[in-house]
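A structural walkthrough
Each chain, letter by letter, is given below.
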Amino acid sequence: MKIILFLLEKEFKQIFRNKALLPMLLGVPLIQLIILPLAADYEIKNINVAFVDHDRTTYSHRLVEKIKATGYFKMTGYSTTYREADRLIELDRADLVLEIPSQFENTLIREGKGHLFLAVNAINGTKASVGASYLSRIIADFNADIRFQQQQESSKTRRGRIAIQTSNWYNPHMDYKYFMVPGILAFLVTMIGGYMSALNIVKEKEIGTIEQINVSPISKHHFIIGKLIPFWLISMVVFSIGQFIVSRYLYHIIPVGNIFLLYLFLAIYLVAILGFGLLVSTYTDTQQQAMSVAFFFVMIFLLMSGLFTSVDSMPPWARAFAYLNPVTYFIEVMRGVVLKGSTFNDFQGHLVKMVGFALALNTWAWFNYRKTS
Amino acid sequence: MGHSAKGILCEGLSKSFHRGAVTAVESINLKIDQGELFGLIGPDGAGKTTLMRLLTTLLKADRGNATVDGLDITEDYKMIRQTVGYMPGRFSLYQDLTVAENLNFFATLFNTTVSSNIDLIHDIYVQIEPFSDRRAGQLSGGMKQKLALCCALIHKPTVLFLDEPTTGVDVVSRKEFWGMLAGLRTLGITILVSTPYMDEAMRCDRIALIQAGEIMQVNTPQGIIESYPLTLYAVKAEDTFRLLQDSKAYHNTRSCFAFGSYLHLTFRGEDPNLVREYMEYLYRKGHDSLTINKIAPTIEDCFMYLMNSKPMTSTRL
């Protein structure tokens, strides 16, 4: 025990003396937490629409005005020929083209139906699909308005009508920041824990100090524990600052669930991630190698964790990978506890898996760490 | 093995790297007595560091056996780590910790304290004490080396391994360092020190000349010099380079090496007329102000001789 305390004292002295490391450890993740959620916003605004209005009637104007009034769309063209609008798509100045045929109003009133043509620039997939569905919704809404109006005017036929009201649970305003901030915070502590533990031990190899440690009677587990605890504590501090300062005061996210539950999972999760860093360090000899290997895995962890894309919509093989990724579980726990108020019972399975990751990674690293080459 | 002898004993110790492609040390047999200051002399790549790392349990031997203070390097490696001090060739203390912190750290690693062992390192430590609050990385080369020696001694080791401790250190510090080693020897610590500098060999009790992973000869420095079987001459002329070329080309030259402004030369055979014939040859070649003297060989001459005489002399304990 005494030796571990002494190792900790030495580690912290070195960390606090390193002029570049501490700002890196504390500052960089917080800056990322401030910047990334603003960029990782799936809400699509400023969709450029070009209108081709062959009709030029009250109805066609009303439709155009309605679309413009939503705030999501920007009118970049209003023409009478499709060719002109097509040109705007080619120039990348329009994402969508809505063509209103001539006699639109007429047929709508007389025959009770009308046709619209929607052309989508699918270069940017998200923008195209989200834009098209927004626009379809607005048109459906417009349609309902007209029918309602007609019914009132004639009031002889009362046809049934289905109206869909959606309500977003746990995130009523569908604010992507609510969804992204806990996920990104989870990812940031992953990066700190993973990289720092990997680099720190390899640094001892690189400067040769590990030789001196290896010829001493200090046991493997003392040395490893002495190495992991500082980064465990620092990751905890970074997480707390991210949770209680940045999330709370910048994004106004207050966890619905129990904060202690979150810390319980964080504590175990960090052991797993530090084990990963340790494992990388046992297979590499220089900081450059360690950085490259850790970067490779962290990149995969990131993209296959469900942070940006839903795990459920991944192909089966990718889903299998995602469930072999500890980050996936922690992000689920983060989102569950922060947004939904999930309880311990909801995440019992996750707890077992995380303990499994922590044990497996650390045991593997422990066996692979050799005091003798 | 059943050896409980103090000191170091190697029997057929071999180690190769890259799955046997590179032999680092081959069948090393060596017996170093307790309290001996033993030098491992050889050029870079001779296998000195590998032998040190085998004996300090940092490497596992492929074949052979060794004991350090009676402890087997494979079976009792944990106990060896308690009792040996190792100073690697590269400065490997924490550059971002101060002198005092490094010393404390290594004392704690061995479950001891600086104050309880200060008597052993006192003479060395007083020299670096004025800098005890300075970070190790900011010390001069000689100071770093003294600190490293202190750290290797802080747990009162019975055997001390020093891997090229004087490489990259100035002449004055080197002299001082060997003075410190002589002091440690009087305390009964067995010291195995490796060096590529042949002149340092004279400061050891006994030395082993090592080349290409094999030990060529083990003896006292004086013994090695006395066993030199040839008559050695030092030759000097105006144009040293041309002298070397001509001497090498001379048909009776056995060996010829440049040592500063002199040439160390041996002849094929011991006929006293050889010197006269050789001098006549040089005059014919137009050399000026020639001198030739019979000299006593240095360790380096012995090393060169052993290296070039094939087959290598087998090592006897």
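Residues numbered from 1 in each chain as written. Chains lettered and ligands numbered in written order. Predicted model: local features only at pLDDT ≥ 70, side-chain atom pairs only at ≥ 80, totals over all residues. Heavy atoms only, no water.

1. Comments concerning the overall build of chain A
- For chain A, the count of helices and strands is 14 helices and four strands.
- Here the C-alpha radius of gyration of chain A, 28 Å, is well above what a compact globule of 373 residues would show, namely 21 Å.
- Reported as C-alpha extents along the three principal axes, the dimensions of chain A are approximately 95 × 45 × 40 Å.
- When burial is assessed residue by residue, chain A has 48% of its 373 residues classed as buried.
- Restricting the contact set of chain A to residue pairs at least 6 apart, pairs at least 24 apart contribute 77%.
- As presented, chain A carries roughly 19,100 Å² of accessible surface, and 63% of it is formed by carbon and sulfur atoms.
- Once the 35 positive and 26 negative side-chain charges of chain A are each reduced to a mean point, those two points are 7 Å apart. (Helix = DSSP H or I, 4+ residues; strand = E, 2+ residues; numbered from the N terminus. Rg over C-alpha atoms; globule rule 2.2 N^0.38 Å. Buried < 20%, exposed > 50% of the residue type's maximum accessible area, 1.4 Å probe, protein only. Contact = heavy atoms within 4.5 Å. Areas by Shrake-Rupley, 256 points an atom, 1.4 Å probe, with all protein chains shown as cover. Lys, Arg positive; Asp, Glu negative; His and termini not counted. Charge placed at Lys NZ, Arg CZ, Asp CG, Glu CD.)

2. Side note on helix α11 (residues 287-303) of chain A
Residues and elements named next belong to chain A.
- The end-to-end C-alpha distance of α11, which contains 17 residues, comes to 24 Å, matching closely the 24 Å that a straight helix rising 1.5 Å per residue would cover.
- For α11, the complete set of buried residues consists of A290, A294, V298, F301 and L302. Buried residues of α11, viewed axially, fall in a sector of 90°; they line one side. Exposed positions of α11 whose direction lies more than 90 degrees from the buried face are Q288 and L303.
- Where the residues of α11 are buried, they touch α7 (176-207), α10 (259-283) and α13 (326-340). (Expected span 1.5 Å × (residues − 1). Arc of directions from axis to C-beta.)

3. Digging into the nonpolar core
- Ranked by internal contacts, the top residues of the largest apolar core, which has 136 residues, are F330 of chain A together with L149 of chain B.
- Counting residues per element, this core draws most heavily on α10 of chain A, at 17 residues.
- Those residues in contact with F330 of chain A that sit more than four places away from it in its chain are A186, V189, F239, F265, L266, Y269 and M354 of chain A. (Core = buried A, V, L, I, M, F, W, Y, C linked by side-chain atoms within 4.5 Å.)

4. As for the packing of α7 of chain A against α11 of chain A
Residue and element names in this part refer to chain A.
- With their axes 9 Å apart at the nearest point, α7 and α11 run at an angle of 160° to one another. As summarised for this structure, α7 and α11 are arranged roughly antiparallel, according to the angle between their axes. Handedness of the crossing formed by α7 with α11: right-handed. From α7, F187, M191, Y195, A198, L199, V202, K203 and E206 reach across to α11, where they touch Q287, Q288, A290, M291, A294, F295, V298 and L302.
- Partitioning the contact of α7 with α11 into residue classes produces 12 nonpolar, two polar and two charged. (Axes fitted to C-alpha atoms, helices over the stretch in contact; angles between N-to-C directions. Parallel < 35°, antiparallel > 145°, perpendicular 65-115°, else oblique. Left-handed = near helix turned anticlockwise from the far one by under 90°. Nonpolar A, V, L, I, M, F, W, Y, C, P; charged D, E, K, R; others polar.)

5. Quick look at the pairing of strand β8 (residues 190-195) of chain B
All names here are of chain B.
- The element β8 is extensively covered by neighbouring structure, given that six of its six residues are classed as buried.
- By the alternation rule, side chains of β8 split into T190, L192 and S194 and I191, V193 and T195, which are all buried.
- The pairing of strand β7 (residues 159-163) with β8 spans five bridges and is classified as parallel. Counterpart to L160 in the pairing with β8 is I191. (Pairing = 2+ DSSP bridges.)

6. Let's talk about the interface of chain B and chain A
- The partner chain A presents 24 residues to the 26 residues of chain B that form the contact.
- The junction of chain B with chain A conceals about 2,700 Å² of combined surface from both sides, 56% of it contributed by carbon and sulfur atoms.
- If you look at where chain B meets chain A, you find three salt bridges.
- For the salt bridge of E211 of chain A with R53 of chain B, the shortest nitrogen-to-oxygen distance reads 2.5 Å.
- Here chain B and chain A share 10 residue pairs in polar contact (both at pLDDT 80 or more) between them.
- When contributions to the side of chain B that touches chain A are tallied by element, the ones reaching two or more residues are α2 (77-83) and α3 (99-109) of chain B.
- Taken together, the residues of the side of chain B that touches chain A break down into 12 nonpolar, seven polar and seven charged. (Buried area = accessible area lost by both parts, 1.4 Å probe. Salt bridge = Lys/Arg side-chain N within 4 Å of Asp/Glu carboxyl O. Polar contact = N/O pair within 3.5 Å; in protein donor to acceptor, adjacent residues only side chain to side chain.)

7. Section: the sheet that holds strand β2 (residues 22-32) of chain B
All names here are of chain B.
- In space, the four strands of this open sheet follow the order β2-β1-β4-β5, with antiparallel pairing throughout. The open sheet has two edge strands with one neighbour each: β2 and β5 (71-72).
- Strand contacts of helix α1 (residues 48-55): β1 (8-17), β2 and β4 (63-68), with the helix running at about 115° to β1, the strand carrying the most contacts.

8. Notes on unusual backbone geometry
- In this model, Y170 of chain A sits at a positive phi of 70°, which is unusual for a non-glycine residue.
- Its identity is not glycine, yet H18 of chain B carries a phi of approximately 50°, on the positive side.
- Tracing the sequence through the fold places H18 of chain B in the loop between β1 and β2.
- A residue is classified by how much of its surface remains accessible, and H18 of chain B, at 64% relative accessible area, is exposed.

9. Let's talk about the domain arrangement of chain A
- Here chain A is partitioned into domain 1 (2-41 + 174-368) and domain 2 (47-154).
- Between domain 1 of chain A and domain 2 of chain A, the C-alpha centre-to-centre distance is 48 Å. (Domains from an automatic or database assignment.)

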